[in-house]
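Fold and geometry: a report
Spelled out, the chains give:
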Amino acid sequence: MTPVTPHAASTAARVSDFADSEMFRRLFRDGMDLVEETASYLDGPGRDDARRLGRSGALAYASESMGLTTQLMQCASWLLTQRAVAEGDMNADEAAEERYRLSPNKFSPPSWPAGDDPCPPRLGDLALRARELHERLMRLDDSLFEAEQKLADNPVANQLSQLSAAFSDS
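In this report, the structure presented in the accompanying data block is examined. (Residues numbered from 1 in each chain as written. Predicted model: local features only at pLDDT ≥ 70, side-chain atom pairs only at ≥ 80, totals over all residues. Heavy atoms only, no water.)

What about the overall build of the chain?
Broken down by element type, the chain carries seven helices and zero strands. Traced from its N-terminal end to its C-terminal end, the chain shows the element sequence α-α-α-α-α-α-α. Of all 170 residues assigned to the chain, the portion counted as buried reaches 34%. Within the chain, contacts between residues separated by at least 24 positions form 81% of all contacts whose residues are at least 6 apart in sequence. In the structure as shown, the chain presents an accessible area of about 10,200 Å², 54% of it carried by carbon and sulfur atoms. (Helix = DSSP H or I, 4+ residues; strand = E, 2+ residues; numbered from the N terminus. Buried < 20%, exposed > 50% of the residue type's maximum accessible area, 1.4 Å probe, protein only. Contact = heavy atoms within 4.5 Å. Areas by Shrake-Rupley, 256 points an atom, 1.4 Å probe, with all protein chains shown as cover.)

Quick look at the structure:
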């Protein structure tokens, strides 16, 4: 059995506390509502918007909607992982694994206007809100998982942590 380090214990506690907070529950609802709203738009009115665009606009629309969908699926996956921690279906150490962490946004927004076509306003709004959600989740991900790693990489902080753990067990 691997001993629990002070670093791992504090990360696990911080992740568990966050996942069990009212702030997380609101963030989860807002994020999943945005996923649902986007899917409804892309499957309905968004198709009509795309048909009204010229060739360049349709290509930009396809690129934007693909990036938007990918970004929101990453966000939903991260939110669902945190909810699994809150519900006890996953422990915080598992949630800290790289495969459950949020990736930086790799899609650059297409340049609008594309040809003579401006970005459909609703698509632009959804894309902006998705980028804001992703950025917010990236900051949370960093604060939950990376802050402790930076301390662990610091030899002085690591020694102080070990000393603190040694004396607190006595």
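Examining helix H2 (residues 22-43)
Helix length check: H2, at 22 residues, gives a terminal C-alpha distance of 32 Å against a target of 32 Å (1.5 Å per residue), a fit within 8%. Taken as a whole, H2 has its buried residues at Phe-24, Leu-27, Phe-28, Gly-31, Leu-34, Val-35, Thr-38, Tyr-41 and Leu-42. Summarising the axial view, the buried residues of H2 lie within an arc of 170°, below the 170-degree limit, and thus occupy one face. Turned more than 90 degrees from where H2 packs its buried face, Glu-36 and Asp-43 sit exposed. (Expected span 1.5 Å × (residues − 1). Arc of directions from axis to C-beta.)

Details of helix H4 (residues 55-86)
Relative to the 46 Å expected for 32 residues at 1.5 Å per residue, H4 spans 46 Å between its end C-alpha atoms, a close match to the ideal helical length. In the segment just after H4, Gly-88 is the residue with positive phi, at about 80°.

Everything listed here is a matter of geometry and, on its own, says nothing about what the molecule does.
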